[in-house]
Amino acid sequence: MRFKNEYEAISYVFQSIARINYQQRGLDENTRDITPTKRLLAALDLPQKKMEYVVVTGSKGKGSVSAITAKLLTSLGHKVGLVTSPHLNTYRQRFRIDGRMISEETLIRLLDQLAPTIDRIASSLNEGQYLSPQGIFLALALTWFKEQGVTAAIIEVGRGGRYDDNALVPNMLSLFTPILLEHTRYLGDSVERIAWHKAGIIEPQSYAFSLPQTPEVMDVLRKEAELQEATLEWLAPMDLAQYVRDTENGMIVDFGRYGELELPMLGRYEIDNASLAVWAAGNVHNRLNLRPRIAHGSPDYVARIRAGLETIIWPGRTQKMQDSPQVFVDGALNIHSAKSYIESLKGRLSEPVVLVLAVPVDRNMDAVYREFAPLAKTLILTRTDRNITIHFPDEATARPLAEQYYADVIYTHTVAEALDVSRKKTGESGTVVMSIAQPAIGDLMAVYGEVFEQI
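Residues numbered from 1 in each chain as written. Predicted model: local features only at pLDDT ≥ 70, side-chain atom pairs only at ≥ 80, totals over all residues. Heavy atoms only, no water.

Colleague: Just checking my understanding: could you explain the overall build of the protein for this structure?
Modeller: For the protein, the count of helices and strands is 17 helices and 17 strands. The C-alpha atoms of the protein give 22 Å as radius of gyration, which agrees with the globular expectation for 455 residues (23 Å, within 12%). In terms of overall dimensions, the protein has C-alpha extents of about 60 × 55 × 45 Å along its principal axes. Here the protein holds 455 residues, and 58% of them are scored as buried. Taking the contacts inside the protein whose residues are at least 6 apart along the sequence as the reference set, 75% of them involve residues at least 24 apart. (Helix = DSSP H or I, 4+ residues; strand = E, 2+ residues; numbered from the N terminus. Rg over C-alpha atoms; globule rule 2.2 N^0.38 Å. Buried < 20%, exposed > 50% of the residue type's maximum accessible area, 1.4 Å probe, protein only. Contact = heavy atoms within 4.5 Å.)

Right, here's the structure in full:
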């Protein structure tokens, strides 16, 4: 066996891009080259055509939509693969079948199996070209899914879509969460241009479903759907499930034909995500040849959708980590997601409240600090080295921005230190509100010993 452990296997995946020193890139349309991934997939006879594929993009909530869609299809009796990113505290969390993440043994075995083909293609590339880690991960996932007899694969793309390796599957369904101004360095400086990138996941003669969008974004999606002769449907407010009330572990939500049920998620924004997932699951289920057949809208179908919704686990999104003191965590790092996170916590906070933020330098730090300011007087800033491509401000940069809005600002170098300081500040009766980048959430999960083998 070529690799002894997960660390060696993952290091190998990044060898090709490491050879160009992770060089800074410009707009995706000028710099991203998915040709090497196409060659890799073709050499491996991937993707297999008989599998149903769903590709998910957007600016927020696409991971949740992917996970909930997969859960619902599993509940309906299908064998479902799931590809998401980023991970929390192990790369293996990116790949799941029926909610269970790939084992270290299987990860190593599959990469060992794929390595000769990967090496052959990587060695043939021109100077400046590389075989992307995302492309290798896609090949690994699709190989595993094929081996295990998966019938439907839900695949979340990265920041864009049109030039994304994960979109190299023949998907009959594209899903769009809200599209906002983000990653402007790579996608462009207007929401229309960003929407154009994301609209690139729509395949010819396929279906596309979208959550409510701004008129500018909807116009872009509509034009792309017409160009591809695809059917585009968007969920109007009347199509979305409705919040009823909070519960200790989630919310009572009215899903219309599926009735009221407890959604075990705290984020109000997850109601829209779950609504889109319900539509998606129905679309895919109708094309899959399941025996015995579960008719769409039948009592059994309704019961299975309810069961799926009532058992969702998607960690790191408005998640309560402990009581006494309460500790909540989310990755809300822009104004829109911060507002949603704050709204979700209304009625759940107990004083004193201490805020912990880990905002990368490529985000609008000042805006995020300002948005959270009404929650607490004490802010603890922190960072992580878990992902070398995501950078955080040093104390000299972050503190002056934060001190405009908070009476008490503390800078810590690790998430574990930030958690320890914040719990001492709140005592057992208060609340710690953490809004931190995904790799920092991974650090937090490591502190609590959470891996989420099964979701």
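Colleague: Please clarify how the packing of helix H14 (residues 365-372) against helix H15 (residues 395-402) should be interpreted in this entry.
Modeller: A pair of packed helices is captured by two measures, namely the crossing angle of their axes and the spacing between those axes. Contact pair H14 / H15: the axes reach a minimum separation of 9 Å and the direction vectors enclose 45°. With respect to H15, the element H14 is oriented oblique. As H14 packs across H15, the resulting crossing turns out to be right-handed. For the pair formed by H14 and H15, the contact residues are Met-365, Asp-366 and Tyr-369 on the first element and Thr-397, Ala-398, Leu-401 and Ala-402 on the second. (Axes fitted to C-alpha atoms, helices over the stretch in contact; angles between N-to-C directions. Parallel < 35°, antiparallel > 145°, perpendicular 65-115°, else oblique. Left-handed = near helix turned anticlockwise from the far one by under 90°.)

Colleague: Teacher, can you tell me more about the pairing of strand S17 (residues 431-436) here?
Modeller: Consecutive side chains of a regular strand alternate in pointing toward one face of the sheet and then the other. The buried fraction of S17 amounts to six of the six residues, a majority that puts the element mostly inside the structure. Where strand S14 (residues 353-358) lies against S17, six bridges are found, and the strand directions are parallel. Within S17, the position partnered with Val-353 by the bridge is Thr-431. (Pairing = 2+ DSSP bridges.)

Colleague: Help me understand unusual backbone geometry in this model?
Modeller: Trans is the common state for peptide bonds, and a negative phi is the common state for residues other than glycine. Here Ser-85 and Pro-86 are connected by a cis peptide whose omega angle stands at -5°. Among the structural elements, Pro-86 can be located in the loop between strand S2 (80-83) and strand S3 (95-97). At the junction of Glu-351 and Pro-352, the peptide bond is cis and its omega measures out at -5° in the coordinates. Positionally, Pro-352 belongs in the loop between helix H13 (335-345) and S14.

Colleague: Honestly, the packing of aromatic side chains in this entry has me stumped. Any pointers?
Modeller: The relation between two aromatic rings is expressed through the spacing of the ring centres and the mutual angle of the planes. Evaluation of the coordinates by the stated rule reveals nine aromatic pairs. A ring pair is formed by Tyr-163 and Trp-196, whose centres lie 6.2 Å apart and whose planes are at 50°; its orientation type is tilted. Here Tyr-163 is found in the loop between strand S5 (152-156) and strand S6 (173-176), whereas its partner Trp-196 is found in helix H9 (residues 191-199), with 33 residues between them in sequence. Residue classification places Trp-196 among the partly exposed residues on the basis of a relative accessible area of 24%. The structure contains a cluster of three or more aromatic residues connected by ring pairs, namely Phe-14, Tyr-91, Phe-95 and Phe-137. A cation sits over an aromatic face here: Arg-162 above Trp-196, 4.1 Å from the ring centre. Over the face of the ring belonging to Trp-196 we find Arg-193, whose NZ or CZ atom lies 4.0 Å from the ring centre. (Phe/Tyr/Trp six-rings, centres within 6.5 Å; stacked < 30°, edge-to-face > 60°. Lys NZ or Arg CZ within 6 Å of the ring centre and 35° of its normal.)

Colleague: Looking at this structure, I do not really get the pairing of strand S1 (residues 52-57). What am I missing?
Modeller: For S1, a buried count of six out of six residues is recorded, marking the element as mostly surrounded by other parts of the structure. Of the two faces of S1, both are covered, the one formed by Glu-52, Val-54 and Val-56 as well as the one formed by Tyr-53, Val-55 and Thr-57. Strand direction decides the pairing type here: S1 and S5, joined by five bridges, are parallel. Residue pairing for S5: Val-54 is matched across the bridge by Ile-154.

Colleague: Before we go on, may I ask you to explain the nonpolar core in this structure?
Modeller: Looking at soluble globular proteins, one finds that nonpolar side chains tend to be buried together. In this structure, Leu-309, Phe-372, Tyr-406 and Met-434 are the most contacted members of the largest nonpolar core, which totals 93 residues. At eight residues, the largest contribution of residues to this core is made by helix H11 (residues 270-285). Among the nonpolar cores identified, the runner-up in size contains 59 residues, and Leu-131, Trp-144, Leu-168 and Ala-225 belong to it. (Core = buried A, V, L, I, M, F, W, Y, C linked by side-chain atoms within 4.5 Å.)

Colleague: Looking at this structure, I do not really get the sheet that holds strand S15 (residues 378-381). What am I missing?
Modeller: Strand order in the open sheet made by the six strands is S12-S13-S17-S14-S15-S16, with mixed pairing throughout. What marks the edges here is a single partner per strand, and that holds for strand S12 (319-322) and strand S16 (408-411). On average, each strand axis in the sheet is tilted by 20° relative to the strand beside it, whichever way the strands run.

Colleague: I would appreciate a short explanation of the environment of Lys-49 in the present structure.
Modeller: Tracing the chain through its elements places Lys-49 in the loop between helix H4 (35-43) and S1. For Lys-49, a relative accessible area of 66% corresponds to the exposed category. Note: C-alpha distance between Lys-49 and Pro-212 (163 residues apart in sequence) is 31 Å.

Colleague: I tried to follow the pattern of salt bridges on my own but got confused; where do I start?
Modeller: When their charged atoms lie close together, side chains carrying opposite charge are able to pair. Tallied over the full model, the rule gives 27 salt bridges. Here Asp-323 makes a salt bridge to Lys-320, at a shortest N to O gap of 2.5 Å. Of the residues examined, Lys-320 reaches a relative accessible area of 29% and is grouped as partly exposed. Bridged by salt links that share partners, the residues Asp-246, Arg-268, Glu-343, Lys-346 and Arg-348 form one connected network. (Salt bridge = Lys/Arg side-chain N within 4 Å of Asp/Glu carboxyl O.)

Colleague: Help me understand the packing of helix H5 (residues 62-75) against H11, please; the structure alone is not making it clear to me.
Modeller: Packing of H5 against H11 brings their axes to within 8 Å, and their N-to-C directions diverge by 45°. With respect to their mutual orientation, H5 and H11 come out oblique. When you trace H5 past H11, the crossing you get is right-handed. Together, Ser-64, Val-65, Ile-68, Thr-69, Leu-72 and Leu-73 of H5 and Glu-270, Asn-273, Ala-274, Leu-276, Ala-277, Val-278, Ala-280, Ala-281, Val-284 and His-285 of H11 make up the contact between the two elements. Of the residues in the contact of H5 with H11, the class split is eleven nonpolar, four polar and one charged. (Nonpolar A, V, L, I, M, F, W, Y, C, P; charged D, E, K, R; others polar.)

Colleague: Would you explain the side chain of Gln-326 in this entry?
Modeller: Topologically, Gln-326 is positioned in strand S13 (residues 326-330). A polar atom in the side chain of Gln-326 sits 2.8 Å from the backbone oxygen of Arg-348. The contact partners of Gln-326, leaving out residues within four places of it in the chain, are Lys-320, Arg-348, Leu-349, Ser-350, Gly-430, Thr-431 and Val-432. (Polar contact = N/O pair within 3.5 Å; in protein donor to acceptor, adjacent residues only side chain to side chain.)

Colleague: How should I be thinking about H9 in this particular structure?
Modeller: Every α-helix winds through 3.6 residues per turn, so residues three or four apart in the chain are directed the same way. Within the sequence span of H9, burial applies to Val-191, Ile-194, Ala-195, His-197, Lys-198 and Ala-199. Buried residues in H9 make contact with helix H3 (28-31), S1, S6, helix H8 (184-187) and helix H10 (215-227).

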